[in-house]
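Survey of secondary and tertiary structure
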Amino acid sequence: MRSSLFIALVLLSGAVAGTVHGLVNLVLVEPYLDSAIGIENQQLFDSGKEKDTPEFWANYYSYRAWQKGGEILAGAILGTAIGSLFGIVFGLSKNVLPGSSFVKKALILALIMWATLYVIPFAKYPANPPTVGEPETIILRQTLYLAFIAISGLGALGFYQVYKRINKKALAFAGYAGLMITAFIAMPPNPDPITLSADLLNGFRMVSMVGVSSFWVAVALILGVLWHKIDSDKVTREKYQ
Amino acid sequence: MSQREIAISKSSVPRKAIIALAAIFAFGLFVVGFDQGHLFAPVFGEKAFDQMYIHELTHDLRHAAGFPCH
């Protein structure tokens, strides 16, 4: 496949899937974000940093409308970025992935990447709504989160190489599990206190996971279908009865 | 009578494409997940770190996608 066509397919699938992610968030996640920001606003009023005036609310709603629009744009950007990684891995691994079609192969790869790059890191460092997170700890939290994702992703890649050499799936899987359990225990927890209600926190985390999962399903379906349709990869089809 | 179809791809992924997509991945991830004013700092200086324009614009997705925020 030509470079330009490959890049175009990957970017298109990532951008569209990212937009889907943004739209799902607008419907499912925004009510939780608004509730959490409402708590922040109340804290500002109570501390005297802001006054509960019509002017405040006019500015607030205008600002929030801008941020909600930004969510779609950010979804497209993040989708394009993560979709690029997905496209690279899919392009390199499509011949060894299980599945009888490109769509099935893409869905299986998306399931693996969703688990290693999102679900497992989420178990250690779950998503938090506004009001959770001190500005002073942002660099530490970003470093920890990125490091855990890198350990999980590179660990999966490393143990896949081990599997290819020793051809023992259970042993390679156990090695990856051991690595992640060690990282889970060794790495420090999120240092910031959580003062939100459990209902708001858990509800936010649940819909957050639905949103991210919608991206992985969408990017796999779109890239798999596009790859199948275009398929200018000089595919040799052997038919036999 | 059953019929099976097997798709075999012979070509590999172009190296140029991998490099370009890897750069897009790193840049996009930084923009949405980690920028705290760094991208506009060369133009606006310290003010960019106070305003955090991109951080604020991507704020909702940053929370929803699981990235640390604030």
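Description of the structure in this document. All chains use their own residue numbering, which begins from 1 and follows the written sequence. Chain A is the first chain written and ligand 1 is the first ligand written, with later ones labelled in order. Selection of residues for local features in this predicted model requires a pLDDT of at least 70, selection of side-chain atom pairs for listing and counting requires 80 or more, and totals for whole chains, interfaces and linings are taken over all residues. Neither water nor hydrogens contribute to the side-chain values; these are computed over all heavy atoms in the structure.

With that out of the way, let us pick up the overall build of chain B. A run of H or I in DSSP counts as a helix once it spans at least four residues, and a run of E counts as a strand once it spans at least two, with each numbered from the N terminus. When helices and strands are tallied, chain B shows 5 helices and 1 strand. Each helix and strand of chain B, ordered N terminal to C terminal, gives the series β-α-α-α-α-α. Residue pairs in contact within chain B that sit at least 24 positions apart in sequence constitute 30% of those at least 6 positions apart. Only the protein chains shown count as cover for residues, and all accessible areas are computed by the Shrake-Rupley method using a 1.4 Å probe. As displayed, chain B offers around 3,800 Å² of accessible surface, 63% of which is attributable to carbon and sulfur atoms. Two residues qualify as a contact provided that any one of their heavy atoms is within 4.5 Å of a heavy atom in the partner residue.

A separate point is the packing of aromatic side chains. All names here are of chain A. When the centres of two rings from Phe, Tyr and Trp lie within 6.5 Å, Trp using its six-membered ring, the rings pair. Their planes under 30 degrees apart give stacked, over 60 give edge-to-face, and anything left gives tilted. Per the stated rule, a full pass over the model turns up 23 aromatic pairs over all chains. Taking the centre distance of 5.7 Å and the plane angle of 80 degrees together, the rings of Phe6 and Trp227 count as edge-to-face. Of this pair, Phe6 sits in helix α1 (residues 3-28) while Trp227 sits in helix α7 (residues 198-230), placing them 221 residues apart in sequence. Considered together, Phe6 and Trp227 belong to a single accessibility category, that of buried residues. Between Phe86 and Phe90 the ring centres are 6.2 Å apart and the planes differ by 20 degrees, which places this aromatic pair in the stacked class. Taken as a pair, Phe86 and Phe90 lie in helix α3 (residues 54-93) at a separation of 4 residues, close to a single helical turn. For the pair Phe86 and Phe90, a shared accessibility class is recorded, and that class is buried. Taken together through their ring pairs, the aromatic side chains of Phe6, Phe86, Phe90, Phe102, Phe215, Trp216 and Trp227 make up a single cluster. When accessible area is computed with a 1.4 Å probe and restricted to protein chains, residues below 20% of their type maximum are described as buried, those above 50% as exposed, and intermediate ones as partly exposed.

Here we come to the interface of chain A and chain B. Across the contact, 63 residues belong to chain A and 44 residues belong to chain B. Put simply, buried area is the surface a 1.4 Å probe can reach on two separate parts but cannot reach once they are joined, added for both. Counting the surface lost from both chain A and chain B, the interface buries some 4,600 Å², and carbon and sulfur atoms represent 65% of this. We count a salt bridge whenever a side-chain nitrogen from Lys or Arg sits within 4 Å of a carboxyl oxygen from Asp or Glu. Run the count over chain A and chain B and you get 1 salt bridge. In the analysis that follows, any N or O atom pair within 3.5 Å is treated as a polar contact, provided that within protein one partner can donate a hydrogen and the other can accept it, and provided that, for residues neighboring in sequence, both atoms belong to side chains. The interface formed by chain A and chain B includes 7 residue pairs in polar contact (both at pLDDT 80 or more). For the side of chain A that touches chain B, the elements supplying multiple residues, two or more each, are α1, α2 (30-47), α3, α4 (102-124), α5 (138-166), α7 and β1 (236-240) of chain A. The leading source of residues in the side of chain A that touches chain B is α3 of chain A, at 20 residues. Along the lines of polarity and charge, the residues of the side of chain A that touches chain B split into 33 nonpolar, 17 polar and 13 charged. Gly counts as polar in this scheme, as do all residues outside two lists: the nonpolar Ala, Val, Leu, Ile, Met, Phe, Trp, Tyr, Cys and Pro, and the charged Asp, Glu, Lys and Arg.

Residue Asn167 of chain A is not a glycine yet carries a positive backbone phi of 55 degrees. Within the secondary structure, Asn167 of chain A sits in the loop between α5 and α6 (169-186). At Met52 of chain B, a position not held by glycine, the phi torsion is positive, near 45 degrees. One can find Met52 of chain B in the loop between α3 (46-51) and α4 (53-57). Residue Met52 of chain B is classed as buried on the basis of its relative accessible area of 19%.

Among soluble globular proteins, nonpolar side chains are generally buried collectively. Formed by 57 residues in total, the largest nonpolar core has its most connected members in Phe6, Leu78, Phe86, Phe90, Trp216 and Trp227 of chain A. Contributing elements (two or more residues each) for this core: α1, α3, α4, α5, α6 and α7 of chain A together with α1 (15-33) and α5 (59-64) of chain B. Counting residues per element, this core draws most heavily on α7 of chain A, at 11 residues. Excluding anything up to four places from it in sequence, Trp216 of chain A contacts Ile82, Phe86, Ala110, Met113, Trp114 and Tyr118 of chain A. Among buried residues, the Ala, Val, Leu, Ile, Met, Phe, Trp, Tyr and Cys ones that are joined through side-chain atoms within 4.5 Å form a nonpolar core.

Another point: the pattern of salt bridges. Residues and elements named next belong to chain A. Using the criterion set out here, one finds 5 salt bridges over all chains in the structure. In this structure, the salt-bridge partner of Arg64 is Glu30, at a minimum N-O distance of 2.9 Å. Remark: Glu30 occurs in helix α2 and Arg64 occurs in helix α3; sequence separation between them is 34 residues. Assessed through its relative accessible area of 3%, Arg64 is described here as buried.

We now examine the side chain of Asn25 of chain A. Assignment of secondary structure puts Asn25 of chain A in helix α1. What Asn25 of chain A contacts, discounting residues up to four positions off in sequence, is Glu30, Glu71 and Gly211 of chain A together with Leu61 and Ala64 of chain B.

All names here are of chain A. To estimate how far a helix should reach, multiply one less than its number of residues by 1.5 Å. Between its terminal C-alpha atoms α4 stretches 32 Å, which fits the 33 Å expected from 23 residues at 1.5 Å a residue. Maximum bend of α4: about 40 degrees, positioned at Ala115. All of the buried residues along α4 are Phe102, Lys105, Ala106, Leu109, Ala110, Met113, Thr116, Leu117, Tyr118, Pro121, Phe122 and Lys124. Two axes enter the definition of the bend at a residue: one is fitted to the seven residues ending there, the other to the seven starting there, and the bend is the angle between them.

All names here are of chain A. Simply put, an axis is a line fit to the C-alpha atoms, just over the touching stretch for a helix, and the angle between two N-to-C directions goes from 0 to 180 degrees. Contact pair α4 / α6: the axes reach a minimum separation of 10 Å and the direction vectors enclose 40 degrees. With respect to the hand of their crossing, α4 and α6 are arranged in right-handed fashion. Touching Thr116, Ile120, Ala123 and Lys124 of α4 are Tyr176, Met180 and Phe184, all from α6. Tallied by class, residues from the contact of α4 with α6 come to 5 nonpolar, 1 polar and 1 charged. Should the near helix be turned anticlockwise from the far one by less than a right angle, the crossing is termed left-handed; should it be turned clockwise, right-handed.

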